[in-house]
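Understanding the architecture of this molecule
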Amino acid sequence: MLSDLLGPDPEANQLRWVRSAHNPVIRCAGTGWAEDFIAPCSLVERDGELWIYAEGSAGGHEQIGLFTADAGLPAGPDGWRAHPANPVLGVGSGFDAGGVFDPAVVRLGDRWLLYYSATEGDAHAFAERLEHGLADGQPSDESIGLAVSEDGVTFARHPAAPVLGSRCPFAVVHDGTVHLFHVRITDGGYRIHLALSEDGVEFRELDAPVLDVGPPGSWDGHTVTTPKVFRDGERWCLAYAGDSERLDDPTGIGLAYSDDLLSWEKIPGNPVFGRGGRDDFDSVSVASPMIRRTPGGYQLWYAGSDRAIRDGLHSQVGLALLSEQP
């Protein structure tokens with residue numbers, strides 16, 4: 001397991017990850033629909049390929065796109081192919097007229113389900129008001145939508161959407177049940193929650209967060225967000241972004257483990273990954289950590305930005321590798 005390769009020292013753990021010399025491996029420029037920023041949100045392996053569903057924005061409109069690559073390690077930007085149908089999900093009307101983002105794609109039965117964050121207005125307006133003391137509680141125009149597809153490319157909105165009143169979903173199907181992780185705001189910061197469904201449409205939510213912030217002053221003492229879950233050996237691993245001060249613009253990535261997807265324990269060596277150098281594409285924030293086990297180690301795809309949200313988010317997709325060899 002990844003946790004077996006990491007010790008109690010966060011700095012030592014962060015040095016284990018080697019950033020790709022080709023970073024960012026998926027760039028904003030030239031996408032058209034994601035010229036302002038792009039972030040990886042869901043990783044699917046299909047027929048010898050890796051599929052990354054990503055959120056992107058151009059001109060203030062957030063939409064969802066798809067990139068594919070051979071399952072062998074993509075060496076750089078040329079390894080990823082933008083799908084010609086991009087964006088595969090654009091803004092709608094009503095609850096998702098402002099933006100669609102944070103795509104979480106999972107297969108249930110013979111259908112692909114795409115859960116996504118949706119807003120009626122600007123996706124980051126509430127966060128900005130919250131940080132300036134102009135708002136509190138939960139945003140009133142945020143929800144999680146659902147779209148359905150037979151091929152993973154052409155999606156149709158489900159008539160029952162939205163399915164939850166929160167944001168930043170990530171879905172796992174285990175024993176026939178959809179486990180939908182998502183975030184809600186408490187005391188000005190995100191906490192990670194969980195809702196369960198047998199049909200993928202009607203959810204029952206657990207009362208308490210499944211992953212809370214750390215103690216005051218700790219690296220994740222204010223917010224924990226962008227949850228991503230994968231099977232790591234005999235256990236489940238949850239990778240998440242956190243910060244000690246701000247709601248968004250997280251500065252580190254941590255890990256937690258679970259035997260049942262319900263009870264989670266953070267490892268002692270968090271954060272295991274941090275921001276890049278001053279002039280790097282990921283100098284301000286790192287988030288949305290998608291981890292994949294490979295022969296000989298682990299791959300980490302993540303969103304890295306050289307600007308904060310209030311300065312105009314400019315995230316792109318980075319890749320880092322961790323070898324099983326010391």
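Please refer to the structure higher up on the page.
Description of the structure in this document. (Residues numbered from 1 in each chain as written. Predicted model: local features only at pLDDT ≥ 70, side-chain atom pairs only at ≥ 80, totals over all residues. Heavy atoms only, no water.)

Where strands meet in a sheet, backbone hydrogen bonds hold them as pairs that are either parallel or antiparallel. Across the sheet, four strands lie side by side as E10-E11-E12-E13; this open sheet has antiparallel pairing. Looking at the sheet topology across the chains shown, the edges are occupied by strand E10 (167-174) and strand E13 (204-205). (Pairing = 2+ DSSP bridges. Helix = DSSP H or I, 4+ residues; strand = E, 2+ residues; numbered from the N terminus.)

Before going further, it helps to spend a moment on the state of the cysteines. One pass over the structure, following the stated rule, counts zero disulfides. Residue Cys168 stays outside any disulfide, its sulfur separated by 7.3 Å from that of Cys41, the closest cysteine. (Disulfide = S-S within 2.5 Å.)

Formed by 34 residues in total, the largest nonpolar core has its most connected members in Leu114, Tyr115, Tyr116, Leu146 and Phe203. Put simply, the parts of the chain that give this core at least two residues each are strand E3 (49-58), strand E4 (61-70), strand E6 (99-108), strand E7 (111-119), strand E8 (142-149) and strand E11 (177-186). A per-element tally of this core places E7 first, with six residues. By size, the runner-up hydrophobic cluster in this structure holds 23 residues, among which are Phe170, Leu194, Val224 and Ala256. (Core = buried A, V, L, I, M, F, W, Y, C linked by side-chain atoms within 4.5 Å. Buried < 20%, exposed > 50% of the residue type's maximum accessible area, 1.4 Å probe, protein only.)

Before going further, it helps to spend a moment on the pairing of E8. Summarising burial for E8: eight of the eight residues are buried, a large majority. Pairing of E8 with strand E9 (residues 156-157), which is carried by two bridges, proceeds in the antiparallel orientation. For Val148, the partnering residue across the bridge sits in E9 and is Ala156. Hairpin remark: E8 followed by E9, antiparallel, with six residues in the connecting loop; positive phi at Gly152, about 80 degrees.

This brings us to the side chain of Arg184. Within the fold, Arg184 resides in strand E11. A distance of 2.9 Å separates polar atoms of two side chains, one belonging to Arg184 and the other to Glu205. (Polar contact = N/O pair within 3.5 Å; in protein donor to acceptor, adjacent residues only side chain to side chain.)

One water molecule sets the probe size; rolling that probe over the atoms shows where empty space is left. A volume near 500 Å³ is recorded for the largest pocket. Considering the residues around the largest pocket, the lining is formed by 22 residues, among which Leu43, Val44, Phe170, Val229 and Phe230 are closest to the centre. Broken down by secondary-structure element, the contributors of at least two residues to the lining of the largest pocket are strand E2 (37-46), E6, E10, strand E14 (223-232) and strand E19 (285-294). Looking at the lining of the largest pocket element by element, the count peaks at five residues for E19. (1 Å grid on protein atoms, 1.4 Å probe; cavity = no way out; pocket = protein on both sides within 12 Å on 5 of 7 lines; lining within 4 Å. Points joined across faces, edges and corners; volume = space filled by probe spheres on them.)

Position of Pro10 relative to the elements: it lies in helix H2 (residues 10-16). Placed 264 residues apart in sequence, Pro10 and Gly274 show a C-alpha to C-alpha distance of 9.3 Å.

Moving on to unusual backbone geometry. Cis geometry is adopted by the peptide bond preceding Pro87, which originates at Asn86 and carries an omega value of -5 degrees. Relative to the assigned elements, Pro87 resides in the loop between strand E5 (81-82) and E6. The residue after Asn270, namely Pro271, is reached through a cis peptide bond having omega -5 degrees. Here Pro271 is to be found in the loop between strand E17 (265-266) and strand E18 (273-274). One non-glycine residue, Cys168, lies in the positive phi region at around 60 degrees. For Cys168, the position within the fold is in strand E10. The phi torsion at Ser288 lies on the positive side, around 55 degrees, for a residue other than glycine. Note on placement: Ser288 falls in strand E19.

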